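Chain and residue survey
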Amino acid sequence: MSPRPDDQARTELRDLVAQASQRRDEEHERVETEFWQSIDALQGRYHGAQQDIADVLDVRRNQILRQTKRYRPAAQDTAHD
């Protein structure tokens, strides 16, 4: 059986879990950003591509629009409007 933890061990564990959780959140945001920026580039490949993407992802076209605008770099955002 493992020894009972002291206050320092508990504090260290909480800190390590919080750090791991923060890294996960940061990576999730990075992956989401890369994904939606890729989708943004793909939707301009041909007329109707946005609908085809929506069909593949099983979402509505307006969700594609909202997400690609949300994750679009600021410099690109004005170019698309």
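Here the structure is a predicted model, which is why all the values come from computation and not from measurement.

Turning our eyes to something else, we now look at a negative patch on the surface. The grouping of Asp6, Asp7, Glu12 and Asp15 at the surface amounts to a negative patch. With respect to the element layout, Asp6 can be found in the segment before α1 (7-42). For Asp6, a relative accessible area of 44% puts it in the partly exposed group.

Glancing now at the confidence of the model for the chain. Per-residue pLDDT for the chain averages 90, and the proportion of residues at 70 or more is 90%. Across the chain, element-level confidence peaks in helix α2 (residues 49-57) with a mean pLDDT of 96 and bottoms out in helix α4 (residues 74-80) with 63.

The final tally for this structure, using the stated rule, is 1 aromatic pair. Summarising the aromatic geometry, the rings of Phe35 and Trp36 are spaced 4.9 Å apart at their centres and angled 80° between planes, so their arrangement reads as edge-to-face. Phe35 gets classed as partly exposed once you look at its relative accessible area, which sits at 32%.

What follows is about the packing of α1 against α2. The geometry of α1 relative to α2 is characterised by a closest axis approach of 9 Å and an angle of 140° between their N-to-C directions. Viewed along their axes, α1 and α2 adopt a mutual orientation that is oblique. Residues Phe35, Trp36, Ile39 and Leu42 of α1 form the contact with α2, whose own contacting residues are Ala49, Ile53 and Leu57. Classifying every residue of the contact of α1 with α2 by side-chain character gives 7 nonpolar, no polar and no charged.

Under the criterion given, the structure shown has 4 salt bridges. Salt-bridge contacts for Arg24 lead to Asp25; the nearest nitrogen and oxygen are separated by 3.9 Å. Among the residues examined, Arg24 registers a relative accessible area of 57% and is labelled exposed. Looking at Asp25, the relative accessible area reads 46%, which means it is partly exposed. Linking Glu34 and Arg30 is a salt bridge whose minimum nitrogen-to-oxygen distance equals 2.8 Å. With a gap of 4 residues between them, Glu34 and Arg30 both fall in helix α1, about one helical turn apart.

About the criteria used
- Residues numbered from 1 in each chain as written.
- Predicted model: local features only at pLDDT ≥ 70, side-chain atom pairs only at ≥ 80, totals over all residues.
- Heavy atoms only, no water.
- Patch = residues over 30% accessible without salt bridge, like charges linked within 9 Å, V, L, I, M, F, W, Y side chains within 5 Å.
- Areas by Shrake-Rupley, 256 points an atom, 1.4 Å probe, with all protein chains shown as cover.
- Salt bridge = Lys/Arg side-chain N within 4 Å of Asp/Glu carboxyl O.
- Lys, Arg positive; Asp, Glu negative; His and termini not counted.
- Charge placed at Lys NZ, Arg CZ, Asp CG, Glu CD.
- Helix = DSSP H or I, 4+ residues; strand = E, 2+ residues; numbered from the N terminus.
- Buried < 20%, exposed > 50% of the residue type's maximum accessible area, 1.4 Å probe, protein only.
- pLDDT = per-residue confidence, 0-100.
- Phe/Tyr/Trp six-rings, centres within 6.5 Å; stacked < 30°, edge-to-face > 60°.
- Axes fitted to C-alpha atoms, helices over the stretch in contact; angles between N-to-C directions.
- Parallel < 35°, antiparallel > 145°, perpendicular 65-115°, else oblique.
- Contact = heavy atoms within 4.5 Å.
- Nonpolar A, V, L, I, M, F, W, Y, C, P; charged D, E, K, R; others polar.

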